[in-house]
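# Residue-level structure breakdown
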Amino acid sequence: QRSATCPICKRDVAARRGGGCAAGQGDNVDRGAADTGAQLLRGAQVTWNAGRTCGTVTGLDASGQRLRVAPAGGGMEQLVPTDEAAQLLRGVRLHGLQGMVELNGKLVEVIGWDAAKGRYLVRPDDQRTLSIRPDNCILPAGAVARIANLSHGGGRWNGSYGRVVDYDETRARHVL
């Protein structure tokens, strides 16, 4: 059986308490949170098979671990494990890159997910495809993400889904 992962940052949300998704909290993820995430992702364009297949999210299966996706171009609805899907996003800003510092601040498009490497496949303006860690991506407003690693009074929100409205440079975290 697959463990649930965040369709945005790809971190495991079921394996460990408090350390799960950059946007989720391990064992505290419940079916209600998954349903909310599926509602927010409904209508979103996603890709799987390392960027070779794409479609539109129509919902979540009964297990809460697979997205129901209508493939682009038609065909039968498919169940796509959340750990193999990535939301297609434009306007993702790269930051914190050490090997390719010239790309910091550049806007790219997420075109896939390499599950084996745990990296987004992104494309900058020059049309080459790069493999980038999720931690080096600032998501655009409107992207769906899971809340993670909040403490004190905010901890009750860990595991919940929301839409990105901004990025707080001072705290180095997304604002949902």
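This one's a predicted model, so the numbers in the text were calculated from it and none came from an experiment. (Residues numbered from 1 in each chain as written. Predicted model: local features only at pLDDT ≥ 70, side-chain atom pairs only at ≥ 80, totals over all residues. Heavy atoms only, no water.)

It is worth spelling out the sheet that holds strand S7 (residues 107-114) at this point. Taken together, 5 strands build an open sheet; the order of strands is S9-S8-S7-S6-S10 and the sheet is antiparallel. Each end of this open sheet is capped by a strand with a single partner; those strands are strand S9 (130-132) and strand S10 (137-138). (Pairing = 2+ DSSP bridges. Helix = DSSP H or I, 4+ residues; strand = E, 2+ residues; numbered from the N terminus.)

Further remarks concern the nonpolar core. Core analysis: the biggest nonpolar cluster contains 18 residues, and Leu 94, Val 110, Tyr 120, Val 122 and Ile 132 have the highest contact counts within it. Breaking this core down by element, the ones donating at least two residues are strand S6 (89-94), S7, strand S8 (119-123) and S9. Counting residues in each nonpolar core, the second largest holds 12 residues, with Trp 48, Leu 60, Ala 85 and Val 144 among its members. (Core = buried A, V, L, I, M, F, W, Y, C linked by side-chain atoms within 4.5 Å. Buried < 20%, exposed > 50% of the residue type's maximum accessible area, 1.4 Å probe, protein only.)

Our focus in this paragraph is the packing of aromatic side chains. Here the structure, examined in full by the defined rule, presents 1 aromatic pair. The interplanar angle of 70° and the centroid separation of 5.4 Å between the aromatic rings of Trp 113 and Tyr 120 together place this pair among those described as edge-to-face. The exposure class of Tyr 120 is buried, given its relative accessible area of 3%. (Phe/Tyr/Trp six-rings, centres within 6.5 Å; stacked < 30°, edge-to-face > 60°.)

Turning our attention to unusual backbone geometry. Phi is positive for His 152, close to 60°, though the residue is something other than glycine. Turning to its location among the elements, His 152 is positioned in the loop between strand S11 (144-146) and strand S12 (161-163). At Ala 172, a residue that is not glycine, the phi angle is positive and equals roughly 55°. By the secondary structure assignment, Ala 172 is in the loop between strand S13 (166-168) and strand S14 (173-175).

A complete count under the given rule lists 5 salt bridges for this structure. As a salt-bridge pair, Arg 133 and Asp 135 come within 4.0 Å of each other at their nearest N and O atoms. (Salt bridge = Lys/Arg side-chain N within 4 Å of Asp/Glu carboxyl O.)

As a further point, take the environment of Arg 123. Tracing the backbone through its elements, the reader meets Arg 123 in strand S8. Measuring from C-alpha to C-alpha, the distance between Arg 123 and Val 108 comes to 5.4 Å, with 15 residues separating the pair along the chain. Look past the residues within four positions of Arg 123 in its chain and what remains in contact with it is Val 108, Glu 109, Ile 111, Arg 128 and Thr 129. A polar contact is formed between the side chain of Arg 123 and the side chain of Thr 129, at a distance of 3.3 Å. (Contact = heavy atoms within 4.5 Å. Polar contact = N/O pair within 3.5 Å; in protein donor to acceptor, adjacent residues only side chain to side chain.)

Here 5 strands make up an open sheet; going across it, the order is S4-S3-S2-S1-S5 and the pairing antiparallel. With one partner strand each, in any of the chains shown, strand S4 (78-81) and strand S5 (86-87) form the two edges of the open sheet. Note: strand S3 (residues 66-71) against S4, 4 bridges, orientation antiparallel. Across the sheet, the residue bridging to Leu 67 is Val 80, located in S4.

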